[in-house]
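What the coordinates show
Each chain is listed here by its residues.
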Amino acid sequence: FSINYNKFVNKIYYQIPFFCIDAILFASFLFYINVNQSIFTLLFLLNIAFAGLLYEKKVSLPVAIWTSFLFSVLVVVKPALQGSNMYLTLALNNVAFFVVAWLSGEIKAQLLSLDKEVQVKGRRITALKELKEMSVENVGTGLVTVDKNRYITHANNAAFKILDHDNLRGRSLDKLLPEVSNK
């Protein structure tokens, strides 16, 4: 019996239990430790946000549902969390859980979309560079480019033949062709 780890990790639905276990741990801490509720609410929100940023809404929404359930049970069961604002606390926190799940999933979707656009544009730029290089190399006229100090930075095949040199890069245009020198 063996498990292909990469195949397991790539299945995003297998990631939901890990985030839900984190939510259970946060809820347990909140139940047993007498600290400020807002710290653990932040941990719940971060857990949901990471689920959305890593795996989109397919994971963050189920995690938000589970977190909402756990948080609601805690507010009802734990006396320290009850009070006149119990319903307001429930409503605001549960809305926040779902808003964070939706927003983090949307951010991930936008990032994926932008990544695809960048890849497409990168392929287009590469194709244009290759076309430019092919055009320069295959033009029948000798073509030489020089830098500001008049040293050759590039020459095409026709320039090699015309100037009867194999390597022109780095050579001074003034020394190679003194008749075109700026005197």
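If you're wondering where the values come from, they're calculated on a predicted model, not measured in any experiment.

1. Structural notes on unusual backbone geometry
Positive phi, normally seen in glycine, also occurs at Glu 56, with a value near 70°. Residue placement: Glu 56 occurs in the loop between α3 (37–55) and α4 (57–77). The class for Glu 56 is partly exposed, based on a relative accessible area of 25%. Phi at Arg 150 takes a positive value of approximately 70°, unusual for a residue other than glycine. Turning to its location among the elements, Arg 150 is positioned in the loop between β1 (144–146) and β2 (152–155).

2. Here's the deal with the packing of α3 against helix α5 (residues 86–138)
At a closest axis distance of 7 Å, the pairing of α3 and α5 adopts a crossing angle of 25°. Looking at the two axes, α3 sits roughly parallel to α5. When you trace α3 past α5, the crossing you get is right-handed. Listed contacts from α5 to Gln 37, Thr 41, Phe 44, Leu 45, Ile 48, Ala 49, Gly 52, Leu 53 and Leu 54 of α3 are Thr 89, Asn 93, Ala 96, Phe 97, Val 100, Ala 101, Ser 104, Gly 105, Ile 107 and Lys 108. For the contact of α3 with α5, the class distribution of residues is 11 nonpolar, seven polar and one charged.

3. Here's the deal with a nonpolar patch on the surface
A cluster of nonpolar side chains, namely Phe 18, Ile 21, Leu 25, Phe 29, Phe 31, Tyr 32, Ile 33, Phe 69, Val 73, Val 76 and Val 77, defines an oily patch on the protein surface of about 1,000 Å² accessible area. If you list the elements that add at least two residues to the nonpolar patch, you get α2 (16–32) and α4. At six residues, α2 tops the list of elements feeding residues into the nonpolar patch. Here Phe 18 lies in helix α2.

4. With respect to the environment of Phe 19
Within the element layout of this structure, Phe 19 appears in helix α2. Here Phe 19 falls in the buried class, since its relative accessible area comes to 9%. Sequence separation of Phe 19 and Ser 60 is 41 residues, and the distance between their C-alpha atoms is 8.8 Å.

5. Section: α3
Here α3 is 19 residues long and its end C-alpha atoms lie 27 Å apart, about the 27 Å a rise of 1.5 Å per residue gives. Among the residues of α3, those classed as buried are Gln 37, Phe 40, Thr 41, Phe 44, Leu 45, Asn 47, Ile 48, Ala 49, Ala 51, Gly 52 and Tyr 55. Looking at the packing, one finds that the buried side of α3 touches α2, α4 and α5. Trailing α3 by a residue or two, Glu 56 shows a phi angle of about 70°, which is positive.

6. Thoughts on the pattern of salt bridges
Taken as a whole and judged by the stated rule, the model has two salt bridges. The residue Glu 106 makes a salt bridge to Lys 57 at a minimum N-O spacing of 2.3 Å. Here Glu 106, found in helix α5, pairs with Lys 57, found in helix α4; they are 49 residues apart in sequence, far enough to count as distant. We classify Glu 106 as partly exposed; its relative accessible area is 25%. Given a relative accessible area of 25%, Lys 57 falls into the partly exposed group. Among the ionic pairs, Asp 174 bridges to Arg 150, the shortest N-O distance being 2.8 Å. Note that Asp 174 is positioned in helix α7 (residues 173–176) and Arg 150 in the loop between β1 and β2, a separation of 24 residues in sequence.

Rules and cut-offs
- Residues numbered from 1 in each chain as written.
- Predicted model: local features only at pLDDT ≥ 70, side-chain atom pairs only at ≥ 80, totals over all residues.
- Heavy atoms only, no water.
- Helix = DSSP H or I, 4+ residues; strand = E, 2+ residues; numbered from the N terminus.
- Buried < 20%, exposed > 50% of the residue type's maximum accessible area, 1.4 Å probe, protein only.
- Axes fitted to C-alpha atoms, helices over the stretch in contact; angles between N-to-C directions.
- Parallel < 35°, antiparallel > 145°, perpendicular 65-115°, else oblique.
- Left-handed = near helix turned anticlockwise from the far one by under 90°.
- Contact = heavy atoms within 4.5 Å.
- Nonpolar A, V, L, I, M, F, W, Y, C, P; charged D, E, K, R; others polar.
- Patch = residues over 30% accessible without salt bridge, like charges linked within 9 Å, V, L, I, M, F, W, Y side chains within 5 Å.
- Areas by Shrake-Rupley, 256 points an atom, 1.4 Å probe, with all protein chains shown as cover.
- Salt bridge = Lys/Arg side-chain N within 4 Å of Asp/Glu carboxyl O.
- Expected span 1.5 Å × (residues − 1).

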